[in-house]
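Each chain is listed here by its residues.
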Amino acid sequence: MTTPQINGPRLLESLQALGQIGALPGGGVNRLALSDADRQGRDWTVARMRELGMQVTVDAIGNIVGLFPGTEDLPPVMMGSHIDTVRTGGLYDGNYGVLSGLEVIATLREAGIQPRRPLAVAVFTNEEGARFQPDMMGSLVYVGGLPLQDALSTCDADGVSVQTELQRIGYQGTAAVGAPVVDSYVELHIEQGPVLEQLGLQIGVVEGVQGISWTEFTVEGQSNHAGTTPMALRHDAALVAAQVAVFVRELSQRLGGRQLATVGAVRLSPNLVNVIAQQAVFTVDLRNTNSAALAQAERELHAYAQQAAQAEGVRISHRTLARFEPVAFDPEVVNLVEQQTQALGCSYQRMPSGAGHDAQMLARICPSAMIFVPSVGGLSHNVREHTTPADLQRGAQVLLQVVLALANRPV
Ligand SMILES: [Zn+2]
């Protein structure tokens, strides 16, 4: 059997067509979860699934699953991603995974190939979390990580609930949440970072998703006159924020590996040129693919912050804003992605994902993995997000070969 080949122009056309829905003047897309544009995007995608002869179901959190039958009645091999975007999103984040899944189905159909296991393409609700938090909501509910009622009662900034909006756009379905039970899951996605482009590589074989730890610190010092207060008598909240920012940069260098550390937000008050800051509120974002190393980074951060506060004679407190353990994808599926990438003669490297994805949720219930293609300039969540047509086609071809191998493997 010769391997069927993805129709690149057809894949590009579909990306452009979906990109018209919620299109922003001058480029890019605004298709916030459960908005009118999201409804139109869903309608368009469901119509495309039906054209391909897929059986479409929608569950109570609005996840859409299209099913393409196999020769045997077995759990499906699932592809998919999301079609919601941030307010100033691009054409590829999420959409590329969904539409490549549909392109795989179209290609197999044309070639008259029916794999042993069914194939599914999923569109998960509210992956971005730009309107309703948490992000990855649909896939988290799907795998049982968030109670359906909690997700449905989540409100946006205007106080409108997920449930209200799902009903309004006609996408609160009747399928059981978590159905169908999935054999395995493979998500194709743009990298959303600069690594593949900088190394001149075509494919990223994604081994997992790095863990995330977000902490907000509040430092309470004493505001006073910048001209009359001797240095030794100050209780300067800004100083501690600055010291922690320097410390985490050094910490990441010392721990090495894949430790990342960022102080991304600092708010001083009264925030005046000639007044010692009474208060500093700042955030620390720590990420690592290694669970133990991430925990060590957190411990060192807290110990240092305490010590710095004590030395300056200020009070410090903190709260956790987010905490996700690193996720390791299934070694066998990762190996399969690597083999099929090699078989196609593509250049590649194994790498972690810097961003969160639905695949990290699916990994809780079935063997899962991801495939990355390069992002031009490393840009994403940006209207100028771009991936070259050749890279888009290559990634979809890897996806096809991986899911075909998974679907046809012996029972
Ligand atoms: Zn995405």
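Placed above this text is the structure.
Every chain's residues receive numbers from 1 upward, in the order its sequence appears when written. In keeping with the predicted nature of the model, local features appear solely for residues at pLDDT of at least 70, side-chain atom pairs appear and are counted solely at 80 or more, and the whole-chain, interface and lining totals rest on all residues. By convention in this description, side-chain values take in all heavy atoms of the structure and omit both hydrogens and water.

1. Brief notes about the coordination of the zinc ion
Moving on, step 1. Metal donors: N, O and S atoms at distances within 2.8 Å, or within 3.2 Å for Na, K and Ca, with water omitted from the atom set so that some sites may seem incomplete. For the zinc ion, the full set of protein donor atoms is His-82 (NE2), Asp-93 (OD) and His-189 (NE2), and the range of their distances to it is 2.0 to 2.2 Å.
Moving on, step 2. The sequence pattern describing where the donors of the zinc ion fall on their chain is H-x10-D-x95-H. Of this pair, His-82 sits in the loop between strand E3 (77-81) and helix H3 (95-110) while His-189 sits in strand E5 (residues 184-190), placing them 107 residues apart in sequence. Numbering of helices and strands starts at the N terminus; helices are DSSP runs of H or I of at least 4 residues and strands are runs of E of at least 2.

2. What about the side chain of Ser-375?
Moving on, step 1. Secondary-structure assignment places Ser-375 in the loop between strand E14 (368-373) and helix H12 (389-408).
Moving on, step 2. Remark: exposure states derive from per-residue accessible area (1.4 Å probe, protein chains only) relative to the maximum for the residue type, with buried under 20%, exposed over 50%, and partly exposed in between. Ser-375 gets classed as buried once you look at its relative accessible area, which sits at 1%.
Moving on, step 3. From its side chain, Ser-375 meets the backbone nitrogen of Gln-192 in a polar contact 2.8 Å long. For this analysis, a polar contact is any N or O atom pair within 3.5 Å, provided that within protein one partner can donate a hydrogen and the other can accept it, and provided that sequence-adjacent residues contribute only side-chain to side-chain pairs.

3. What to know about the side chain of Thr-107
Moving on, step 1. In this fold, Thr-107 is placed in helix H3.
Moving on, step 2. When sequence neighbours within four positions are dropped, the list of residues in contact with Thr-107 reads Pro-4, Gln-5, Ile-6, Asn-7, Arg-10 and Leu-400. Contacts are assigned to residue pairs with any non-hydrogen atoms lying within 4.5 Å of each other.

4. Focus: unusual backbone geometry
Moving on, step 1. Here the amide bond leading from Gln-133 into Pro-134 is cis, since omega sits at 10°, within 30 degrees of zero.
Moving on, step 2. Within the element layout of this structure, Pro-134 appears in the loop between strand E4 (119-123) and helix H4 (137-142).
Moving on, step 3. Between Ala-179 and Pro-180 the backbone carries a cis peptide bond, its omega angle lying at -5°.
Moving on, step 4. Tracing the backbone through its elements, the reader meets Pro-180 in the loop between helix H6 (162-168) and E5.
Moving on, step 5. A positive phi angle, close to 65°, is found at Leu-34, a residue other than glycine.
Moving on, step 6. The topology assignment puts Leu-34 in the loop between helix H1 (8-19) and helix H2 (36-51).
Moving on, step 7. Although it is not a glycine, Met-136 sits at a positive phi angle of roughly 55°.
Moving on, step 8. Locating Met-136 in the fold gives a position in the loop between E4 and H4.

5. Considerations on the pattern of salt bridges
Moving on, step 1. We count a salt bridge whenever a side-chain nitrogen from Lys or Arg sits within 4 Å of a carboxyl oxygen from Asp or Glu. What the rule picks out here adds up to 20 salt bridges.
Moving on, step 2. In this structure, Arg-131 engages Glu-165 in a salt bridge whose closest nitrogen and oxygen atoms are separated by 2.9 Å. Here Glu-165 lies in helix H6 and Arg-131 lies in the loop between E4 and H4, a separation of 34 residues in the sequence. Each member of the pair, Arg-131 together with Glu-165, is buried.
Moving on, step 3. Across the pair Asp-391 and Arg-394 runs a salt bridge, and its minimum N-O distance is 2.9 Å. Of this pair, Asp-391 and Arg-394 both sit in helix H12, three residues apart, roughly one helical turn.
Moving on, step 4. For Asp-391, a relative accessible area of 10% puts it in the buried group.
Moving on, step 5. One salt-bridge network, held together by shared partners, links Asp-36, Arg-39, Arg-131, Asp-156, Glu-165 and Arg-168.

6. Brief notes about H12
Moving on, step 1. Its 20 residues place the ends of H12 29 Å apart at the C-alpha level, agreeing with the 28 Å of an ideal helix rising 1.5 Å per residue.
Moving on, step 2. The element H12 is extensively covered by neighbouring structure, given that 14 of its 20 residues are classed as buried. By this rule, a helix spans an expected 1.5 Å times one less than how many residues it contains.

7. Considerations on the packing of H2 against H3
Moving on, step 1. At a minimum axis distance of 10 Å, the contact between H2 and H3 shows a crossing angle of 15°. Here H2 lies roughly parallel to H3, going by the angle between them. In the packing of H2 onto H3, the handedness of the crossing is left-handed. Contacts between H2 and H3 involve Trp-44, Thr-45, Arg-48, Met-49 and Glu-51 on the former and, on the latter, Val-98, Leu-99, Leu-102, Ala-106 and Arg-109.
Moving on, step 2. Asp, Glu, Lys and Arg are counted as charged, while Ala, Val, Leu, Ile, Met, Phe, Trp, Tyr, Cys and Pro are counted as nonpolar; the rest, among them Gly, fall into the polar class. Here the residues of the contact of H2 with H3 are counted per class, giving six nonpolar, one polar and three charged. Angles here are taken between N-to-C directions and fall from 0 to 180 degrees, while the axes themselves are lines fitted to C-alpha atoms, restricted in helices to the stretch in contact. Oblique is the label for every angle not falling under 35 degrees (roughly parallel), over 145 degrees (roughly antiparallel), or within 65 to 115 degrees (roughly perpendicular). By the definition used in this description, the sense in which the near helix is turned from the far one sets the handedness, with an anticlockwise turn below a right angle giving left-handed and a clockwise turn giving right-handed.

8. Details of the pairing of E14
Moving on, step 1. Of all six residues in E14, six are buried, a share of seventy percent or more.
Moving on, step 2. Relative to E14, E5 runs parallel, the two being bridged by six bridges. Looking at the pairing, Glu-187 lines up with Met-370 of E14.
Moving on, step 3. DSSP calls a pair of strands paired once it identifies at least 2 bridges connecting them. As defined by bridge partners, strand E6 (residues 203-209) adjoins E14 across three bridges and the pair is classed as antiparallel. Of the residues in E14, the one forming a bridge with Val-206 is Met-370.

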